[in-house]
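Inside the fold
Spelled out from the first residue to the last, the chains are:
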Amino acid sequence: MERDLISLQDFNRWEIEALLKRASQLKEELQRGHNKPTLAAKTLGLLFEKASTRTRVSFQVGMVQLGGSSLFLNASDLQLGRGEPISDTARVLSRYLDGVVLRTVSHQTILEFARYATIPVINGLSDLFHPCQILADLFTILEVKGTMCGIKVAYVGDGNNVANSWVEAATKFPFQLTLACPKGYGPDKEIMKAANELASIELTTDAEEAAADADVLYTDVWVSMGDEAQEQKRRRIFKRYQLNDKLLEVAKNDVLVLHCLPAHREEEITSKVLEGHFSIILNQAENRLHVQKAVLEALLG
Ligand code: CP
Ligand code: NVA
């Protein structure tokens, strides 16, 4: 049966470790020249309802580097945009493609697509999760720290799709996750409840408390794709949840600053911190490529 990556729950810790190890090999191999064509003659579809730079380009380049090819499918250009059911789209695309990455407004769309598809389905971001991002984030932290054991990750800002996937990651690896979110803007309650049965995840409304002694400071936009109608309100509510010098001061001396990008400078993060020497955001963005190639091999290979 085909295997999906819809959330981090689809893989256990050992499988994730194997993926990250393979990603490291693929990265080294590429730096030495080129990768072996492990996905020759395979075609990946990218069916996107929302904008993307990193996810789209890293998956498409990843397929080329592994000897395969890809098709970018803007959802509104397909018959899907004129009302063709997801069930038909999933079954038809399964006859042409070897795998599909979906970026959707609603997580339900990915679940429904996966129910009918007979090829691997990868979540390239939904309103609920962003698993590919967090796999690359874990890889990026491991490259520097060597282990997640005992690491404190402080997530400051909106309890959105990225935060929810971080919550799931904390159930897989023994690190401390502390989130600082405004009241009413924390991670999904059900996801938190389920995760807290397996790990001890802290949720506070105080950004400095979360950042205290952190090894990793992480943030994401205050206004995610789909939240644009609340932009003004969110700018007011999230004002105190900015990754800035004040938070760097209370974190560990060798803290790493991560941001999934795109960033809104002087909103969730200051330009100084984003461009400063603690920031490893470009390595983080690059690592999307290496980690997703490992995911593609595991699911399509
Ligand atoms: N971080 C991330 O997923 O970026 P894109 O929206 O550009 O794909
Ligand atoms: N939370 C952001 C992540 C973008 C990569 C969004 O959903 O827009």
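Refer to the preceding data block for the structure.
What comes next concerns the included structure. (Residues numbered from 1 in each chain as written. Chains lettered and ligands numbered in written order. Predicted model: local features only at pLDDT ≥ 70, side-chain atom pairs only at ≥ 80, totals over all residues. Heavy atoms only, no water.)

1. Some thoughts on the site of ligand 2
All residues adjacent to ligand 2 are Leu125, Asn160, Asn161, Asp220, Val221, Ser224, Met225 and Leu261. Here ligand 2 has 270 Å² of accessible area as a free molecule, and 94% of this is covered by the chains. Considering only residue class, the shell around ligand 2 consists of four nonpolar, three polar and one charged. (Near = heavy atom within 4 Å. Areas by Shrake-Rupley, 256 points an atom, 1.4 Å probe, with all protein chains shown as cover. Nonpolar A, V, L, I, M, F, W, Y, C, P; charged D, E, K, R; others polar.)

2. Concerning the site of ligand 1
Residues in contact with ligand 1, as listed here, are Ser52, Thr53, Arg54, Thr55, Arg103, His130, Gln133, Cys260, Leu261 and Arg288. The separation between an oxygen atom of ligand 1 and a polar main-chain atom of Thr53 is 2.7 Å. Relative to its unbound accessible surface of 250 Å², ligand 1 loses 95% to contact with the protein. Its residues assigned to classes, the shell around ligand 1 comprises two nonpolar, five polar and three charged. (Polar contact = N/O pair within 3.5 Å; in protein donor to acceptor, adjacent residues only side chain to side chain.)

3. So, the state of the cysteines
Put plainly, a disulfide is one covalent bond tying together the sulfur atoms of two cysteines. Taken as a whole and judged by the stated rule, the model has zero disulfides. The thiol sulfur of Cys132 is not disulfide-bonded, and the nearest other cysteine sulfur, from Cys260, lies at 13 Å. (Disulfide = S-S within 2.5 Å.)

4. Some details on the packing of aromatic side chains
Taken as a whole and assessed by the stated rule, the structure comprises seven aromatic pairs. Residues Phe48 and Phe72 carry aromatic rings whose centres are separated by 5.4 Å and whose planes lie at 65° to one another, so their mutual orientation is edge-to-face. You can see Phe48 sitting in strand β1 (residues 43-48) and its partner Phe72 sitting in strand β2 (residues 69-74), a full 24 residues away along the chain. Here the aromatic residues Tyr155, Trp166, Phe175 and Tyr218 are joined through ring pairs into a cluster of three or more. The side chain of Arg3 reaches across the aromatic face of Phe11, ending 4.2 Å from its centre. A cation sits over an aromatic face here: Arg56 above Phe72, 3.5 Å from the ring centre. (Phe/Tyr/Trp six-rings, centres within 6.5 Å; stacked < 30°, edge-to-face > 60°. Helix = DSSP H or I, 4+ residues; strand = E, 2+ residues; numbered from the N terminus. Lys NZ or Arg CZ within 6 Å of the ring centre and 35° of its normal.)

5. Observations concerning the environment of Val295
Note that Val295 resides in helix α12 (residues 281-300). Given the relative accessible area of 1%, Val295 is considered buried. Separated by 247 residues in sequence, Val295 and Phe48 place their C-alpha atoms 18 Å apart. Dropping the residues within four chain positions of it, Val295 is found in contact with Leu5, Leu19, Ile122 and Leu135. (Buried < 20%, exposed > 50% of the residue type's maximum accessible area, 1.4 Å probe, protein only. Contact = heavy atoms within 4.5 Å.)

6. Observations concerning the side chain of Ser58
Residue position: Ser58 is located in helix α2 (residues 54-65). Here Ser58 falls in the buried class, since its relative accessible area comes to 9%. In terms of polar contacts, Ser58 uses its side chain to reach the backbone carbonyl oxygen of Thr55, at 3.3 Å. Within the local environment of Ser58, its side chain forms a polar contact with the side chain of Gln292, the two groups lying 2.9 Å apart. In contact with Ser58, not counting residues within four places along its chain, are Arg288, Leu289 and Gln292.

7. Quick look at the sheet that holds β1
Backbone hydrogen bonds hold the strands of a sheet together, and the pairing may be parallel or antiparallel. Taken together, the four strands give an open sheet; going across it, the order is β2-β1-β3-β4, and neighbouring strands pair in parallel fashion. The sheet is open, and its two edges are formed by β2 and β4 (121-123), each paired on a single side. The average angle at which neighbouring strand axes cross in this sheet is 20°, direction not considered. Judged from the five bridges that link them, β1 and strand β3 (residues 99-103) form a sheet pairing that is parallel. In the sheet register, Phe48 faces β3, and the bridge partner there is Arg103. Set on the sheet, α2 makes contact with β1, β2, β3 and β4; between it and β1 the angle comes to about 170°. (Pairing = 2+ DSSP bridges. Axes fitted to C-alpha atoms, helices over the stretch in contact; angles between N-to-C directions.)

Just distances and angles here, no functional claims.
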